[in-house]
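Below, each chain spelled out in residue letters.
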Amino acid sequence: MTVLAQRPVAVEHPEHHEGPTGILKWLTSTDHKVIGMNYIVTSLVMFFFAGIMALIMRAQLTSPSGAVVSLQQYNELFTMHGSLMLYLFAGPFAFGGLANYIVPLQVGAPDMAFPRLNALSYWLFLSGSITMMLSFMVAGGAAAFGWVAYAPLSEATFSPGSGPDLWILALVLTGFSAIFTGVNLITTIFYLRAPGMTMFRMPLFTWNMLVTAMLILIAFPVLTAAMVLLWCDRHFGTHIYTVQGGGVPVLYQNLFWFFGHPEVYILALPYFGIVTDVIPVMSRKPLFGYKGMVFATMAIAALSTGVWAHHMFTTGVVLLPFFSLLSLLIAVPTGIKFFNWIGTMWRGSITLNTPMLFCIGFLLAFLMGGLTGVMLASPPIDFVTHDTYFVVAHFHQVLMGTAVFAGFAGFYFWYPKFFGRMLSDRLGKLHFWFLFIGFWVTFMPQYKLGLMGMPRRVATYQAGLGWQNLNIASTVGAFIIGFSFVFFLVNLWVSWRKPVPAGDNPWDAHALEWFATSPPVHHNFTRLPPIRSERPVWDFHHPDALTIAHGENGHGKLAGTAVPAGQD
């Protein structure tokens, strides 16, 4: 079996000075674990702010002429809700938080390749988050042009004031944060892998983060350029996006969606990686079709850069057959992933604990969102539903199905590694079931509302159209979702007041992070196991079991020659 470099089972590292403690540690540390936890906490705070905004909007829509907030306040809320969820929670939670913490551990690295750049990335993200939230406090209020900021609506003529400027500045800051993190992750994965950790022995979470980092380096500079040009239009009279000065408003849409559709997979791929790590552990089986999953991830990334204009079918300026075909084609590698997840669970010894339940919730939610996405890839269907609540339901089922269900699967899965203590499985299951029920009660009525013609981005609607009862049902579901997170917060509180020690590997998991102590020491490992497969920790703890030889056929059977885990 191929090994990159021979070495003893245990490799000792010299002791490292731990540095400052307490609040000074959190402010000055360049340790990837501290920075990752900073990202996780900050993004969860943004998530809860965005959730509160969503509840206010749903309360507004329970009656045709809702008066919970004014029309201007409603526009600010849905702009900031979408912006916080997409730019400040879904991406940073996985790509900034979980990736920062977990990827160096999974490849056997002592830290990220550029620790100070990593710290700068977090402080740029925090600065951008604060900047965006401060826009509520300026004269004229926050940005009110939607999270996509379409020109010319986002021009100074239609969106005056400092709030939109702070929104633009926040996106530039968080964009540079993402770019720096992408550079750091790519370098870490390519250059700091432990001996024996070949590319095709890396966990799928690390593979997905590598591909996501490459997409970020493609997409985020385009978004930053679009924001700079919008700033110039607003302040320097350049008329890049305004017809009056010879500009082209649809240019903004092309720039934004060239970022925006890779961004959908920048948000989704990390969460695909999470469930791909959790499902085999909780099914007590190797991952079904490891290499197929890797190549499917690459295919999704490649195709995602060529489908941006399916968001622009209704503009009349894009080639419909080409972008429709590519949009349908991207469902193929996604389908491969689904079959591999199901194949991993097939005939496995499944443990239905909290992380696994969240993974199953993800599969169901993303399946529904993906099927409706295939429908929207057809221009005739998109023409009818594009500006309706059908798209709102689809969009939330895709992104909430990934970022929330898969995200919290990862949080419950790796929490013992973060803190060396367990979360309550009972409270976790209550969190899941209330979230799961609320999720479907919230968004299924919205599909019906869209088919009945209810437009999106509206704060009021006419009575007598048959929309009110469906909106009430959707609002009830949203409040059930909000209530579910009470169990999450109580679970965290109980975990700290009455800690239950987790041990280093409470799940009997496979990947290298579970060989480190819980929580890991300053430079992660005092020793490393031999890495001869994609499951080094499983091999180490089960020396009498046969490991799958290189060239495993993806069916849980040996291909070629199998050797005991402890032998060369």
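This is a predicted model, so every value here is computed, not measured.

## So, the overall build of the protein chain
Stage number 1. For the protein chain, the helix and strand inventory stands at 16 helices and zero strands.
Stage number 2. A compact globule built from 568 residues should have a C-alpha radius of gyration of about 24 Å, and the protein chain, at 24 Å, falls within 12% of that.
Stage number 3. Each principal axis of the C-alpha atoms in the protein chain carries an extent, and together these give about 70 × 50 × 45 Å.
Stage number 4. Looking at the 568 residues of the protein chain, the share that counts as buried comes to 58%.
Stage number 5. Put simply, 81% of the contacts in the protein chain that link residues at least 6 apart link residues at least 24 apart.
Stage number 6. Accessible surface, the protein chain: about 22000 Å² in total, of which carbon and sulfur atoms supply 69%.
Stage number 7. Once the 26 positive and 22 negative side-chain charges of the protein chain are each reduced to a mean point, those two points are 7 Å apart.

## Some remarks on the pattern of salt bridges
Stage number 1. Taken as a whole and assessed by the stated rule, the structure comprises five salt bridges.
Stage number 2. Close ionic contact of D31 with K33 constitutes a salt bridge, the shortest N to O distance being 3.0 Å. An identical accessibility class is assigned to D31 and K33; each is buried.
Stage number 3. Note that D387 is salt-bridged to R456, the shortest N-O span being 3.8 Å. Of this pair, D387 sits in the loop between α12 (379-385) and α13 (389-419) while R456 sits in the loop between α14 (425-451) and α15 (468-497), and the two are 69 residues apart along the sequence.
Stage number 4. The class for R456 is buried, based on a relative accessible area of 18%.
Stage number 5. Because the salt bridges share partners, they merge into one network encompassing D387, R456 and R457.

## A look at the packing of helix α6 (residues 204-236) against helix α7 (residues 249-283)
Stage number 1. The geometry of α6 relative to α7 is characterised by a closest axis approach of 8 Å and an angle of 160 degrees between their N-to-C directions. Here α6 is positioned roughly antiparallel relative to α7, judged by the angle of their axes. The two elements α6 and α7 meet at a crossing, and its hand is left-handed.
Stage number 2. A breakdown of the residues in the contact of α6 with α7 according to their chemical character gives 27 nonpolar, four polar and two charged.

## Regarding the packing of α7 against helix α8 (residues 290-304)
Stage number 1. Contact geometry of α7 with α8 gives a least axis separation of 9 Å together with a crossing angle of 165 degrees. Judged by the inter-axis angle, α7 sits roughly antiparallel to α8. Once α7 is placed against α8, the crossing between them reads as right-handed. Contacts from H261, P262, Y265, L269, F272 and T276 in α7 reach M293, T297, I300 and S304 in α8.
Stage number 2. Along the lines of polarity and charge, the residues of the contact of α7 with α8 split into six nonpolar, four polar and no charged.

## Quick notes on the domain arrangement of the protein chain
Stage number 1. Here the domain parsing of the protein chain yields domain 1 (27-267), domain 2 (294-497) and domain 3 (509-568).
Stage number 2. In this assembly, 20 residues from domain 1 lie in contact with 16 residues from domain 3.
Stage number 3. Overall, the association of domain 1 and domain 3 removes approximately 1300 Å² of surface from exposure, summing both partners, and the carbon and sulfur fraction of that is 61%.
Stage number 4. Where domain 1 meets domain 3, there are zero salt bridges.
Stage number 5. In this assembly, domain 1 and domain 3 are joined by eight residue pairs in polar contact (both at pLDDT 80 or more).
Stage number 6. Those elements giving two or more residues to the side of domain 1 that touches domain 3 turn out to be α2 (32-60) and α3 (71-106).
Stage number 7. The greatest single-element share of the side of domain 1 that touches domain 3, amounting to five residues, is contributed by α3.
Stage number 8. Partitioning the side of domain 1 that touches domain 3 into residue classes produces twelve nonpolar, four polar and four charged.

## Observations concerning a nonpolar patch on the surface
Stage number 1. Taken together, I23, L24, W26 and L27 make up a surface patch of nonpolar side chains, about 410 Å² in accessible area.
Stage number 2. Relative to the elements of secondary structure, L27 occurs in helix α1 (residues 22-28).

## Some words on the side chain of T372
Stage number 1. Position of T372 relative to the elements: it lies in helix α11 (residues 354-376).
Stage number 2. Look at T372 and you get buried, because its relative accessible area is 4%.
Stage number 3. Among the polar contacts made by the side chain of T372, one reaches the main-chain carbonyl oxygen of G369 at a distance of 2.9 Å.
Stage number 4. When residues no more than four places from it in sequence are discounted, the contact partners of T372 are F390, H394 and Y447.

## Considering the nonpolar core
Stage number 1. Counting 166 residues, the largest nonpolar core has W167 and F408 as the members making the most contacts within it.
Stage number 2. Ranked by the residues each element gives to this core, the list is headed by α3, at 20 residues.
Stage number 3. Dropping the residues within four chain positions of it, F408 is found in contact with L44, F47, F358, A403, H431, F485 and F488.
Stage number 4. F390, V391, A393 and Y447 belong to the second-largest nonpolar core, a separate cluster that totals five residues.

Parameters at a glance
Residues numbered from 1 in each chain as written. Predicted model: local features only at pLDDT ≥ 70, side-chain atom pairs only at ≥ 80, totals over all residues. Heavy atoms only, no water. Helix = DSSP H or I, 4+ residues; strand = E, 2+ residues; numbered from the N terminus. Rg over C-alpha atoms; globule rule 2.2 N^0.38 Å. Buried < 20%, exposed > 50% of the residue type's maximum accessible area, 1.4 Å probe, protein only. Contact = heavy atoms within 4.5 Å. Areas by Shrake-Rupley, 256 points an atom, 1.4 Å probe, with all protein chains shown as cover. Lys, Arg positive; Asp, Glu negative; His and termini not counted. Charge placed at Lys NZ, Arg CZ, Asp CG, Glu CD. Salt bridge = Lys/Arg side-chain N within 4 Å of Asp/Glu carboxyl O. Axes fitted to C-alpha atoms, helices over the stretch in contact; angles between N-to-C directions. Parallel < 35°, antiparallel > 145°, perpendicular 65-115°, else oblique. Left-handed = near helix turned anticlockwise from the far one by under 90°. Nonpolar A, V, L, I, M, F, W, Y, C, P; charged D, E, K, R; others polar. Domains from an automatic or database assignment. Buried area = accessible area lost by both parts, 1.4 Å probe. Polar contact = N/O pair within 3.5 Å; in protein donor to acceptor, adjacent residues only side chain to side chain. Patch = residues over 30% accessible without salt bridge, like charges linked within 9 Å, V, L, I, M, F, W, Y side chains within 5 Å. Core = buried A, V, L, I, M, F, W, Y, C linked by side-chain atoms within 4.5 Å.

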